[in-house]
Amino acid sequence: DELIVCYRLLDKTIQARNVIVDRLKTRPDDPKLWCALGDVNRDDTCYHEAWERSGQRHARAQRSLAVSAQRKSDFTKAIDHWVKALTLNPVINCL
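Just so you know, the residues in each chain are numbered from 1, in the order the chain's sequence is written. Local features in this predicted model are restricted to residues of pLDDT 70 or higher, and side-chain atom pairs are both shown and tallied only at a pLDDT of 80 or more, whereas totals for entire chains, interfaces and linings draw on every residue. Note: side-chain values were computed over all heavy atoms of the structure, leaving out hydrogens and water.

**A closer look at unusual backbone geometry**
A positive phi angle, close to 60°, is found at Gln56, a residue other than glycine. Numbering of helices and strands starts at the N terminus; helices are DSSP runs of H or I of at least 4 residues and strands are runs of E of at least 2. Mapped onto the elements of the fold, Gln56 is located in the loop between α4 (44–53) and α5 (59–71).

Put into C-alpha cells, the structure is as follows:
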C-alpha cells in the first residue's frame, strides 16, 4: 500500500504501524499487511503469521524471514527460507 510505503520512506514508523494495524482489523488474513507490520516492527513473528495466513503461498514472507536469518548469521535457516521463497517465485527481485 502506497501510504504505508510513504510513511516508511519518511521514517514515520509509528504512523505506518497505526495504518497497518487499522487495516488488519478489516483484513486480518492479508499477508502483505502482516509482512509490512514485520518490516515496521522488525518482528519475525509477523512474517510467520503472513506465511500461515497465506496458506504457505506468500513468497514475500519467506524472503523476509531469509533476510532476517541472514542478518542474524543463521545461514542454515536463511537457506531454508530462500529455497521456499524461490520455489514459489523464482523471479524474485531482491536487490
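**Topic: the pattern of salt bridges**
Definition used for salt bridges: Asp or Glu carboxyl oxygen within 4 Å of a side-chain nitrogen of Lys or Arg. A complete count under the given rule lists nine salt bridges for this structure. Residue Glu49 pairs with Arg53 through a salt bridge whose shortest N-O separation is 2.5 Å. Taken together, the residues span about one helical turn, with Glu49 and Arg53 both in helix α4 at a distance of four residues. Judged by its relative accessible area of 33%, Arg53 falls in the partly exposed class. Connected through salt bridges with shared partners, the residues Arg8, Asp39 and Arg60 form a single ionic network. Burial classes: relative accessible area under 20% of the type maximum marks a residue as buried, over 50% as exposed, and values in between as partly exposed (1.4 Å probe, protein chains only).

**Here's the deal with the layout of surface pockets**
Within this model, the largest pocket holds a volume of roughly 470 Å³. Forming the boundary of the largest pocket are 18 residues, of which Arg8, Asp39, Arg42, Tyr47 and Arg71 lie nearest the centre. Taken together, the elements giving at least two residues each to the lining of the largest pocket come down to α1 (2–9), α3 (31–41), α4 and α5. Examining the composition of the lining of the largest pocket, we find that six residues originate from one element, α5, more than from any other. Of the residues assigned to the lining of the largest pocket, the class counts are four nonpolar, three polar and 11 charged. Volume-wise, the second largest pocket comes out at about 300 Å³. Method remark: on a 1 Å grid restricted to protein atoms, a set of points is classed as a cavity if a 1.4 Å probe fits but cannot get out and as a pocket if it is open with protein on both sides within 12 Å along at least five of seven lines; lining residues have an atom within 4 Å of a point. Grid points are joined across faces, edges and corners, and a volume is the space filled by probe spheres set on the points. Classes in brief: Ala, Val, Leu, Ile, Met, Phe, Trp, Tyr, Cys and Pro nonpolar; Asp, Glu, Lys and Arg charged; the others, Gly included, polar.

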